[in-house]
Structures are given as C-alpha cells and as structure tokens.
Amino acid sequence: MIKKIALFLCFLLLFSCKHKQGSGGSGEVNQKRVYIKKMSVTSEAVNLEDWKVTIPYTSRALGKNDFNVVLSESNVSFSISPLPLKIGAGGNAKIVVTSTKLSQEIEVSMRKNEHTVNFKKPETGYLSVLDEENKTIATGATVSDATLLTLQANPPTDALVVDYYKINGKKRFWGKGTTTIEVKEDLNIEVFFIEKHRFSFVSVIDEHLTISKDKWLDYLDWEDYPDIHVEPFAMGRTEVPYPVWKEIRDWAKTKGYYFTNEGQNGSHYVSSQDSKPFDENDGKLYPAVKMNQLDMWAWCNASVDYMNEKHKNEEDYVPLTYVYKFHKNGEPLKDARVDFPVFSSPVPADTGLKFQKVIDFVNSITIDRKATGYRLPTRFEWIVAGRGGDPNAPAWEYRFPGSNNLDDVTFYHVKGSTELQTLHPICSKKPNTLGLYDIVGNADEWIDTRSKSDPLRMEVIGNSSCDDVSTFGKYDWYQEGATGVPNPWGGAGQFGGGTYGYAPTGFRLAFSLK
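Since the model is a prediction, treat every value here as computed from it, not as a measurement.

1. Some remarks on the overall build of the protein chain
Link 1 in the chain: Of regular secondary structure, the protein chain possesses 7 helices and 29 strands.
Link 2 in the chain: Summarising the internal contacts of the protein chain: among those between residues at least 6 apart in sequence, 66% fall at separations of at least 24.

Spelled out as structure tokens, the structure:
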C-alpha cells in the first residue's frame, strides 16, 4: 500500500512539473536568445570581446544615426540609451543596448582633439613628416585628431633600404620608404634601415584582403576560388641570397639543426645537362638554390632562433615563434634529414618503404601561419605580392610584376642560342611596385602550398632565368607549377635541385603580420 501511495505522489509531481512547463514556460524555452552580431559607433567597430570602442574626436553629441547595430534576429527592435550622448575630448561614457532578452553595456571612448607628434631623425639618412597640405612639420608639433600624415624616409646609400618604422614602440610599415598614418593618439616615430639583401621585408597588405572573382579570372583554375582571402603579411624583398643562407645554416649546425642539402651559390649550366654553382668568393650575391623543402623549413626555424638570440637584450624585442612544428608534440622542426629513395633500374627492394617514410615525415609537420616567425609564402600570398598587393591598382593588370616589358624584370634563355642558361645576381633587374625583386625570373621559388594535382607535392612558381623566353607568356609566371620540380625534396638525388637539366630552385621568406 505504501509503495502504491509513493508511486501515485511521484506521478502527481511529474504531471505538475510538465503542466507548469507547458502552460507558463513554453514561450520562454522556445524563444531564441537575441545577441549583437556586429556593432559600430561613428564607423568604428566595437570590440565584441570587451565591449569597448574608441572613436575619433567630435565636438557634437552622438545621436542614433551614429550607432550601427546588427542583431542576430533582423526583425527584433532595440533601443540605445542614453541619447543624445555627449563625450568630452579624451573622455568616455557608457551606453546600453536593450532588446528582447538583451541588455548589453558598451564603453565608448573619444580620442583627444589634438595629439603631439614626436619623431627621431636617424643618424644617417633622413626622415620627414608631412601634413595633409604637404607641409613639413617639426618634431613636437601638435596636430588635430584624424590628421593624415605622410612619412618619408631615405637611407644614406643605395645599398640600404627602409627596414621598418617604429610607431609608439611597435614595428610597422615594413620596407615602405613613403607611407601614411592617421593620427589617433600621441605619436613617437622612428625609422630603421637595413641592407637590401639581409632579411629585408615589405608589408604587402596590412589588413584582411578579400579578392573578388572578377579580379581573378586570369588565373587558370579561378573557378575553384570564387573569392580569395589573404591575411596581413610581409614578404622578402629578394630571394634568399646564398651568403645569408650559409651564415644561418652554419650557425644552426652548432645549435642542433641538421640539413639534407648544403645548398649552393646560384647556378650556371656548363653543358645542356648539368650546372655548377658560382664561386663563393666572386663578390656577387646569387640566390641560394639546391635545397629541398624540409631544408628550407628547418632553416626558417633556425632563423627564428638566430634572431631571438641576436636581439634578446633589446628592451622592446618580442621573441619570434616557430612556424614549422610537429603535429604530435608541437616541437619545432630542426632535423631535415630524411633517407630519400633513389630510383634506379632495377628498383631497389626498399624503395617503397623509404618512400612511405618520407611521406609520413612530411605529413607529420604542421605549418602554423599564426606564428610570428619566418616561413615560405603561400601561393596566393606570393601572387598578391607579385601583382603589387592592390587588386584595384593599375599594376595588378601588368603583364609581368611591375612592368609590361619582360626585359625590365628578368633575364631569360633563348632557345637555340649559344649562351648556356644561368642565374644572375639578385636585384639585377627592376623591382615591382612594392619593391620586390626577381618575382619572375632568376631562381624558381618554392611556396608553402600543396599541388592540387598531387597533395604530396609542394608548388614551385615564378619561372627561372634558365627558362626559354617562350615560357614567359602573359600570366604564366604565377600559375601553379610554373616551372621546376614540385616535389617536397627537390635537391636530393633525381628530384630536381639543379641537375639533370632542371633549373635550380630557391625561395624567399614571408611572415604574418598581427
């Protein structure tokens, strides 16, 4: 009897709970939560993580039209209070966005109406700062908020280029001799120069870039890429020169790094079938070639260690982080040695096993492009840089990087001529509009994009000065696998690297901007 009473009471309790849910709470349970998807104040985006925004100075009060709010539900109304909102120069205030089941507080800060601009002139070379009327301003000058300043810097000699500007302690505008900056705060500006061939970079894009299909129709497989998305990055002004490769390689060997190939100083053909490097003591800077992809990856990681060691005692130096790491433990790639199979006749019995080990090793490495260290560019980064960085600029439509004339930008081979194929010193020809040299010609270049035709192969792009002039057709220079041998290990055995008639292949550096 007691059991029956207990069961009956449980049943009544369960029925009561369900009844309450069904009658009084169904609307609340099924109703979707409304949230803010996007918001801006006077066109400045609100940070949806800390719910703060800083806006340009204005003397007027803010009204509803100054706020743009996008909710998760388009048919839901909302209110903003208090309005009108008056904020003093350099001050802040809070507003609340209210809607169905939503009450979000946002802090709005207003910049000062005037800012002080200080800049330090370099010991050699010069730096000038111009206002919107193209007038030179003196260091310590006061300018209005939102003023657009032009920075102009010239190195003392042609052997040097602008390395970067340091704006309030942060490195920006890599490789830009002339650039502009909007004044949003007090500014402290410095400029630094560097040798053209030593870790010299150019900022290609400084914010996320979306390239629409109509700007990509000249790419052979554009159908596969309706829109191209590229994140901010900088790219090497030149192909990596052999002396720089050698310096880092030799240093790395003392720090636990290992390479399959030593690399060589450029290449010139001594017969129709074979090539040799140039004398390392001839005083000219040739691209480093005859390394495989794994060698380059390990070398990039070694360059991170090299720079961190070199600059570790600098007060505001931020250590670089590795790009090429192992999936399993996150450790950096330091040992590029792999037992590559050598194909011959008859085929050795262990060829298949060795080949699989190579494949497994390559696939065990991840490329972390959110890291800050050096790496190879992707296919689309390389193409965007080669075409000038701006899809809306005239340079994007040039036949070749920076020019419509092939002779302006590269040397090439003419089939049937008595001259043998050869590479040339870097920077021998005209750069493109960004100041990048040898984008087309000189060495072929490895990039960090796997070939669509074979996912185990990395792409080679850009044509080589050893190629016949007929291969330099319009747009051919940036198509997949333009020339060269797109294997992850070009440089070992028969896999490319300057022997068996293949043009030597090198690379240039890139790094992600944050």
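2. Brief notes about the side chain of asparagine 432
Link 1 in the chain: Relative to the helices and strands, asparagine 432 resides in the loop between helix 7 (406-409) and strand 26 (444-450).
Link 2 in the chain: A distance of 2.9 Å separates a polar side-chain atom of asparagine 432 from the backbone nitrogen of leucine 436.
Link 3 in the chain: In contact with asparagine 432, not counting residues within four places along its chain, are Ala385, Gly386, Gly388, Pro401 and Gly402.

3. Considering the packing of helix 3 (residues 242-253) against helix 4 (residues 293-311)
Link 1 in the chain: Closest axis-to-axis distance for the helix 3/helix 4 pair is 9 Å, and the angle between their directions is 80 degrees. Between helix 3 and helix 4, the crossing angle belongs to the class labelled roughly perpendicular. Residues Val244, Trp245, Glu247, Ile248, Arg249, Trp251 and Ala252 of helix 3 lie in contact with helix 4, whose contacting residues are Asp295, Met296, Trp299, Ala302, Ser303, Asp305, Tyr306 and Glu309.
Link 2 in the chain: Residues of the contact of helix 3 with helix 4, tallied by class, amount to 9 nonpolar, 1 polar and 5 charged.

4. Comments concerning the sheet that holds strand 19 (residues 233-236)
Link 1 in the chain: Overall, antiparallel pairing links the 3 strands, which are arranged 16-19-29 in an open sheet. In this open sheet, the two strands that pair with only one neighbour each are strand 16 (201-205) and strand 29 (510-512). For this sheet, the mean inter-axis angle between neighbouring strands, taken without regard to orientation, is 25 degrees.
Link 2 in the chain: As defined by bridge partners, strand 16 adjoins strand 19 across 4 bridges and the pair is classed as antiparallel. Each bridged residue has a counterpart across the sheet, and for phenylalanine 201 the counterpart in strand 19 is glycine 236.
Link 3 in the chain: The sheet strands contacting helix 6 (residues 379-386) are strand 16 and strand 19, and the helix crosses strand 19 at an angle near 75 degrees.

5. A short note on the sheet that holds strand 6 (residues 92-99)
Link 1 in the chain: Taken in spatial order, the 4 strands make up an open sheet running 3-7-6-5, and their pairing is mixed. The open sheet has two edge strands with one neighbour each: strand 3 (52-55) and strand 5 (78-81). Taken over all neighbouring pairs, the strand axes of this sheet differ in orientation by 25 degrees on average, direction set aside.

6. Side note on helix 5 (residues 351-363)
Link 1 in the chain: Taking 1.5 Å of rise per residue, the 13 residues of helix 5 would be expected to cover 18 Å, and the 18 Å separating its terminal C-alpha atoms lies within 8% of that figure.
Link 2 in the chain: At its buried positions, helix 5 is contacted by helix 4, strand 25 (365-367) and strand 26.

7. Some words on helix 6
Link 1 in the chain: Most of helix 6 is tucked away: 8 of the 8 residues are buried.
Link 2 in the chain: Taken together, the buried positions of helix 6 are occupied by Arg379, Phe380, Glu381, Trp382, Ile383, Val384, Ala385 and Gly386.
Link 3 in the chain: Those residues of helix 6 that are buried lie in contact with strand 16, strand 17 (209-212), strand 18 (227-230), strand 19, strand 26 and strand 27 (458-461).
Link 4 in the chain: Downstream of helix 6 by a residue or two, glycine 388 has a phi angle that is positive, lying close to 105 degrees.

8. Quick look at the packing of aromatic side chains
Link 1 in the chain: Under the defined criterion, the tally for this structure stands at 17 aromatic pairs.
Link 2 in the chain: Summarising the aromatic geometry, the rings of tryptophan 251 and tyrosine 306 are spaced 5.4 Å apart at their centres and angled 90 degrees between planes, so their arrangement reads as edge-to-face. Of this pair, tryptophan 251 sits in helix 3 while tyrosine 306 sits in helix 4, and the two are 55 residues apart along the sequence.
Link 3 in the chain: With 6.3 Å between their ring centres and 80 degrees between their planes, tyrosine 374 and phenylalanine 511 make a pair best called edge-to-face. Here phenylalanine 511 lies in strand 29 and tyrosine 374 lies in the loop between strand 25 and helix 6, a separation of 137 residues in the sequence.
Link 4 in the chain: Among the aromatic residues, those joined into a ring-pair cluster are Tyr164, Trp174, Phe192, Phe199, Phe201, Trp245, Phe259, Trp299, Tyr374, Phe507 and Phe511.
Link 5 in the chain: Between lysine 64 and the ring centre of phenylalanine 78, over which it is positioned, the NZ or CZ distance is 6.0 Å.

9. Some points on the pattern of salt bridges
Link 1 in the chain: Counted according to the given criterion, the structure contains 19 salt bridges.
Link 2 in the chain: Of the charged contacts, one joins glutamate 247 and arginine 198 as a salt bridge, the two residues approaching to 2.8 Å between their closest N and O atoms. Note that glutamate 247 is positioned in helix 3 and arginine 198 in the loop between strand 15 (187-195) and strand 16, a separation of 49 residues in sequence.
Link 3 in the chain: Taking relative accessible area as the criterion, glutamate 247 reaches 32% and is therefore assigned partly exposed.
Link 4 in the chain: For lysine 246, the salt bridge is made with glutamate 280, and the minimal N-O distance between the two is 2.9 Å. Here lysine 246, found in helix 3, pairs with glutamate 280, found in the loop between strand 22 (275-276) and strand 23 (288-289); they are 34 residues apart in sequence, far enough to count as distant.
Link 5 in the chain: Taking relative accessible area as the criterion, glutamate 280 reaches 43% and is therefore assigned partly exposed.

10. Concerning the confidence of the model for the protein chain
Low-pLDDT portions of the prediction should not be read for the details of their coordinates.
Link 1 in the chain: Scored by pLDDT, the protein chain comes out at a mean of 85, with 84% of its residues at no less than 70.
Link 2 in the chain: Here helix 2 (residues 26-30) is the element of the protein chain with the lowest mean pLDDT, 41, and strand 24 (residues 324-326) is the one with the highest, 98.
Link 3 in the chain: Overall, residues 1-30 carries pLDDT values under 50, and its contacts beyond four positions in sequence, including any with other chains, amount to 2 contacts.
Link 4 in the chain: Low pLDDT (under 50) marks residues 480-503, which in the prediction has 83 contacts with non-local residues, meaning those over four places away or in another chain.

11. Quick word on the pairing of strand 9 (residues 126-130)
Link 1 in the chain: When you tally the buried positions in strand 9, you get 4 out of 5 residues, the bulk of the element.
Link 2 in the chain: Summarising the sheet, strand 9 and strand 11 (residues 148-154) pair through 5 bridges and their orientation is antiparallel. Counted as the bridge partner of leucine 127 is alanine 153 from strand 11.

12. Comments concerning the environment of lysine 94
Link 1 in the chain: Topologically, lysine 94 is positioned in strand 6.
Link 2 in the chain: For the pair formed by lysine 94 and proline 82, sequence separation is 12 residues and the distance between their alpha carbons is 8.4 Å.
Link 3 in the chain: Not counting chain neighbours up to four residues away, the residues in contact with lysine 94 comprise Pro82, Glu105, Ile106 and Glu107.

13. So, the nonpolar core
Link 1 in the chain: Among the nonpolar cores identified, the biggest contains 47 residues, and Phe199, Trp299, Tyr374, Phe507 and Leu509 are the most heavily contacted of them.
Link 2 in the chain: It is helix 4 that contributes the most residues to this core, 10 residues altogether.
Link 3 in the chain: The contacts of phenylalanine 507, once residues within four sequence positions are left out, are Glu239, Val240, Trp245, Met291, Met296, Trp299, Cys300, Leu376, Glu445 and Trp446.
Link 4 in the chain: Counting 22 residues, the second largest nonpolar core, distinct from the first, contains Val34, Val46, Phe67 and Leu102.

Criteria and cut-off values
Residue positions are given per chain, counted from 1 along the sequence in the order it is written. Under the rules for a predicted model, residues below a pLDDT of 70 receive no local features and side-chain atom pairs below 80 are neither given nor counted, while totals for whole chains, interfaces and linings still include all residues. Side-chain measures were taken over the full set of non-hydrogen atoms in the model, leaving aside hydrogen atoms and water. Under the scheme used here, helices are H or I runs from DSSP no shorter than 4 residues and strands are E runs no shorter than 2 residues, and both carry numbers assigned from the N terminus. Throughout, a contact is declared for two residues whenever any of their heavy atoms are within 4.5 Å. Any pair of nitrogen or oxygen atoms within 3.5 Å is treated as a polar contact; in protein, a donor-acceptor pairing is required on top of that, and neighbouring residues in sequence qualify only through side-chain atoms on both sides. Between N-to-C directions, angles span 0 to 180 degrees; the directions come from axes that are lines fitted to C-alpha atoms, helices contributing only their stretch in contact. Angular relationships are summarised with four words: roughly parallel below 35 degrees, roughly antiparallel beyond 145, roughly perpendicular across 65 to 115, and oblique for the angles in between. Each residue is assigned to one class: nonpolar for Ala, Val, Leu, Ile, Met, Phe, Trp, Tyr, Cys and Pro, charged for Asp, Glu, Lys and Arg, and polar for all the others, Gly among them. Between any two strands, pairing holds if DSSP finds at least two bridges. An expected span of 1.5 Å times one less than the residue number is assigned to each helix. We call a residue buried when its accessible area falls under 20% of the maximum for its residue type, exposed when it is over 50%, and partly exposed in between, using a 1.4 Å probe and counting protein chains only. Ring geometry is summarised as follows: Phe, Tyr and Trp rings, the Trp one being its six-membered ring, pair when their centres sit within 6.5 Å, and such pairs are stacked at plane angles under 30 degrees, edge-to-face over 60 and tilted between the two. Throughout this description, the term charge over a ring refers to an Arg CZ or Lys NZ atom that lies within 6 Å of the ring centre and within 35 degrees of the ring normal. Just to be clear on terms, a salt bridge is a Lys or Arg side-chain nitrogen sitting within 4 Å of an Asp or Glu carboxyl oxygen. Known as pLDDT, the predictor's confidence for each residue is given on a scale from 0 to 100. Residues enter a nonpolar core if they are buried and are Ala, Val, Leu, Ile, Met, Phe, Trp, Tyr or Cys, with the set joined through side-chain atoms within 4.5 Å.

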